[in-house]
Amino acid sequence: MNGYNRKVPPKRRYEMPKYAAPPKKKTCKERIPQPKNTVAMLNELRNGLIYKLESQTGPVHAPLFTISVEVDGQKYMGQGRSKKVARIEAAATALRSFIQFKDGAVLSPLKPSGNLDFTSDEHLENGIENVDNGKLVDYIQKTLMLTEKKPNLTSLEQSTLPLQMFCMSQNREKFKHVSKSAITVDGQKKVPDKGPVMLLYELYNDVNFECINIDSAQNNCRFKMTVTINEKKFDGTGPSKKLAKNAAAKAALASLCNISYSPMVVPQKNVPLPIDDKSSSMELPQIHADAIGRLVLEKFMEVIKGQEAYSRRKVLAGIVMTENMNFFEAKVISVSTGTKCVSGEHMSVNGAVLNDSHAEIVSRRCLLKFLYAQLDLQCNQATAYQSIFVRNTDGQYPYKLKSGVHFHLYINTAPCGDARIFSPHENDTGVDKHPNRKARGQLRTKIESGEGTIPVKSSDGIQTWDGVLQGQRLLTMSCSDKIARWNIVGIQGSLLSSIIEPVYLHSIVLGSLLHPEHMYRAVCGRIEKSIQGLPPPYHLNKPRLALVTSAEPRNQAKAPNFGINWTIGDVELEVVNSLTGRTIGGQVSRITKQAFFDKYGFLMKNLPGILKRSVTTDYGQTKANVKDYQIAKIELFSAFKREDLGSWLKKPIEQDEFVLNE
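Source: prediction; values computed, not measured.

Peer 1: Would you mind showing me how to read the layout of surface pockets here?
Peer 2: Roughly 1,200 Å³ of internal volume is contained in the second largest pocket. Taken together, 48 residues form the lining of the second largest pocket, with Arg-485, Lys-593, Lys-623, Lys-651 and Asp-656 sitting closest to its centre. For the lining of the second largest pocket, the elements supplying multiple residues, two or more each, are α10 (359-378), β16 (476-477), α12 (479-489), α13 (493-496), α15 (593-606), α16 (619-624) and α17 (627-642). With 5 residues, the top contributor of residues to the lining of the second largest pocket is α10. In terms of residue class, the lining of the second largest pocket is built from 23 nonpolar, 13 polar and 12 charged.

And the structure:
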């Protein structure tokens, strides 16, 4: 036999009955629920934690990962053969820092996961069991259940609890949200590495987005996205659904967790912005910035009703007033639009036209109208308590703002001039490669009947009346330069400076094009080192800066030749022809030099506490008599010259040579 012909016995078959049921799988009588891992448990106690890969050692086929997590300023490490295991170990190490037994014993550190025997019965020297990750989670879960069922534990019972933060666990919801704050590095806020939508989904379980197309105009489609979290709604808009969703998520994170994606959080070029003496940051909280932007936009939509033909605009601005930073009771003081200046042929010798109809400049003039109205209340003892001003008994000025009153300027884009001379898509983290970088900070002027600005020439800064009438373009200082001026001499103007202390902007909020470095330089940074000798209480004001979460779209349409203005207390808005400086009906605007000079004359006659009631009938001379204001203004012009940034360009002097109406 060669072995090939050997018969193989047939396999024994098991004859199953026909239609027999398949054998049942063995099942446990009681399924044991899987405990949460340490990462999930730690996230319940401290939301928003970031795990970092510290190192990777060992051969390629058997790497050893080391991952860290920072909890309450303390860094905890974990190691494992995979990143997931290392992350679990890091979370376990952090959780062990919360464990404390009644006799003072603490848990020993875990051994590396590769050598750890979770079935062992190792004990500590004092007899306390060495708890593994699963039991560690079980400890914490039982403790939270215990504190919820028995909130009135005795001090002895409290001492036996394994959590050191017992008092925090009694209010579990508060405890879970304590850690939902801005992510920080070295004590300073930083923009999170994750996108706002992803981060929102990680922090909250009940997140629902709903999209509404609110504007489908050609080349300017706008989407509105609403996100609902725990029955709270947050809105965001953008040119695409994705950007609108991001904006809504940013608004939610700012409100619920104080997490900001503002460009102010991380200064450009890794250089911290100069800090105001009164604050640790130049950033206005994101929730406040969004509130200011929303209030101005809502007020604009409200006042434009019935005159939608004048809703077309390129720049929108407004001023919001708060008391003690209470934004629930904030008031919109003014709303305005406009991007043009008066034509030289329409200049007025009696102060009857608006020279500058740019939106932010008009909003400030509306604020002046409001300040005059508030001082009017002081003329009557019965209404004096309603005024935002109070008698100043210990200063050289008869009146001052009530404590806690702040003004916030909103502009839907960066102000023209130095704050807008940059490319929004360039990364300025290195040397400034702008071809005109030597002109950074230069004073700039608007062009008559046009848009944009040009640098001032090194001259004596004089424009003549006859020169303009013969065809020379009337030049007006840029909005960036005027805001820088307000941050030295105040926003109250020269006339009111003889009655009230200087009033400064608390913050400036932009709807788009906020570049922290350029914006800060434009509004106050370029002269902070050279300004000196200001008469108290004049000083260099450094307003907080912020960008709204829903960015304003870039408007490519041609700017209209009109602008609107509205001040709190007005029955209806006023529409001004920007090229003539008068209303579209040809009347004198309610916010002209002439109107304010008349109001000033009334206050000087009727306001209590005024020592020198005589008013020079000449407008220009009356302004020149306000000494401290003139000293501060001259020092401002000198500071720009010392920095070699150009000379301030003045209007023809004939514009101020008009008299007070009898």
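Picking up after the structure, the text goes on.
Peer 1: Could you clarify how one ought to interpret the sheet that holds strand β2 (residues 64-71) in this entry?
Peer 2: Through backbone hydrogen bonds, the strands of a sheet pair up, either in parallel or in antiparallel fashion. Reading across the sheet, the 3 strands line up as β1-β2-β3 and stay open at both edges, with antiparallel pairing between neighbours. Since the sheet does not close on itself, it has two edges, and those belong to β1 (51-57) and β3 (74-80), each with one partner. The average angle at which neighbouring strand axes cross in this sheet is 25°, direction not considered. Direction of pairing for β1 relative to β2: antiparallel, over a ladder of 6 bridges. In the sheet register, Gln-56 faces β2, and the bridge partner there is Phe-65. The strands touched by helix α2 (residues 83-96) are β1, β2 and β3; relative to β3, the strand with the most contacts, the crossing angle is about 140°.

Peer 1: Got a minute to help me understand the packing of α10 against α15 in this structure?
Peer 2: Two numbers describe a pair of packed helices, the interaxial angle and the distance between the axes. At a minimum axis separation of 11 Å, α10 and α15 run at an interaxial angle of 15°. As far as their axial angle goes, α15 and α10 are roughly parallel. The interaxial crossing formed by α10 with α15 has left-handed handedness. Counted together, Arg-365, Leu-368, Lys-369, Tyr-372, Leu-375 and Asp-376 of α10 and Lys-593, Phe-596, Lys-599, Tyr-600, Phe-602 and Leu-603 of α15 form the full contact between these two elements. Within the contact of α10 with α15, the residues separate by chemical class into 7 nonpolar, no polar and 5 charged.

Peer 1: So what exactly am I meant to see when it comes to the pairing of strand β20 (residues 574-577) here?
Peer 2: In this structure, strand β19 (residues 562-567) lies alongside β20, joined through 4 bridges in antiparallel fashion. Of the residues in β20, the one forming a bridge with Gly-563 is Val-576. Where β19 folds back onto β20 in an antiparallel hairpin, the turn is made up of 6 residues, including Gly-569, whose phi is positive at roughly 105°. Strand direction decides the pairing type here: β20 and strand β21 (residues 582-583), joined by 2 bridges, are antiparallel. Opposite Asn-577, over in β21, you have Arg-582 as the bridge partner.

Peer 1: Just to check I follow, could you spell out the nonpolar core for this structure?
Peer 2: Note on soluble globular proteins: their nonpolar side chains tend to be buried together. By size, the foremost hydrophobic cluster in this structure holds 84 residues, and its most contacted members are Leu-371, Leu-375, Phe-407, Leu-496, Ile-499 and Ile-508. It is α10 that provides the largest number of residues to this core, a total of 10 residues. Setting aside its immediate chain neighbours within four residues, Leu-496 contacts Leu-368, Leu-371, Tyr-372, Leu-375 and Leu-603. Ile-304, Tyr-410, Ala-546 and Ile-564 belong to the second largest nonpolar core, which has 24 residues in total.

Peer 1: Just to check I follow, could you spell out the side chain of Gln-655 for this structure?
Peer 2: By the element assignment, Gln-655 lies in the segment after α17. The contact partners of Gln-655, leaving out residues within four places of it in the chain, are Met-347, Ser-348, Val-349, Gly-351, Asn-355, Trp-465 and Lys-593.

Peer 1: Which parts of the structure should I look at to understand the packing of aromatic side chains?
Peer 2: Aromatic ring pairs are reported here in terms of the distance separating the ring centres and the angle at which the planes meet. One pass over the full model with this rule turns up 8 aromatic pairs. With centroids separated by 6.0 Å and ring planes inclined at 85°, the aromatic side chains of Phe-597 and Phe-658 adopt a geometry described as edge-to-face. Remark: Phe-658 occurs in the segment after α17 and Phe-597 occurs in helix α15; sequence separation between them is 61 residues. Judged on exposure class, the residue Phe-597 and its partner Phe-658 are both buried. Here Lys-245 stacks its cationic end above the ring of Phe-209, 4.8 Å away from the centre of that ring.

Peer 1: How should I be thinking about the pattern of salt bridges in this particular structure?
Peer 2: Working definition: two side chains of opposite charge can pair if their charged atoms are close together. On inspection of all chains with the given rule, the structure shows 17 salt bridges. A salt bridge links Lys-482 to Asp-356, with the nearest nitrogen and oxygen atoms 2.9 Å apart. Within this pair, whereas Lys-482 is found in helix α12, its partner Asp-356 is found in the loop between β10 (331-337) and α10, the two being separated by 126 residues in sequence. Each member of the pair Lys-482 and Asp-356 is classed as buried. Between Arg-642 and Glu-635 there is a salt bridge whose closest N-O contact spans 2.4 Å. In this structure Glu-635 comes out as buried when scored by relative accessible area, which is 12%. Here the salt bridges do not stand alone but share partners, grouping Asp-356, Lys-446 and Lys-482 into one network.

Here is what the cut-offs are and how they apply
Residues numbered from 1 in each chain as written. Predicted model: local features only at pLDDT ≥ 70, side-chain atom pairs only at ≥ 80, totals over all residues. Heavy atoms only, no water. 1 Å grid on protein atoms, 1.4 Å probe; cavity = no way out; pocket = protein on both sides within 12 Å on 5 of 7 lines; lining within 4 Å. Points joined across faces, edges and corners; volume = space filled by probe spheres on them. Helix = DSSP H or I, 4+ residues; strand = E, 2+ residues; numbered from the N terminus. Nonpolar A, V, L, I, M, F, W, Y, C, P; charged D, E, K, R; others polar. Pairing = 2+ DSSP bridges. Axes fitted to C-alpha atoms, helices over the stretch in contact; angles between N-to-C directions. Contact = heavy atoms within 4.5 Å. Parallel < 35°, antiparallel > 145°, perpendicular 65-115°, else oblique. Left-handed = near helix turned anticlockwise from the far one by under 90°. Core = buried A, V, L, I, M, F, W, Y, C linked by side-chain atoms within 4.5 Å. Buried < 20%, exposed > 50% of the residue type's maximum accessible area, 1.4 Å probe, protein only. Phe/Tyr/Trp six-rings, centres within 6.5 Å; stacked < 30°, edge-to-face > 60°. Lys NZ or Arg CZ within 6 Å of the ring centre and 35° of its normal. Salt bridge = Lys/Arg side-chain N within 4 Å of Asp/Glu carboxyl O.

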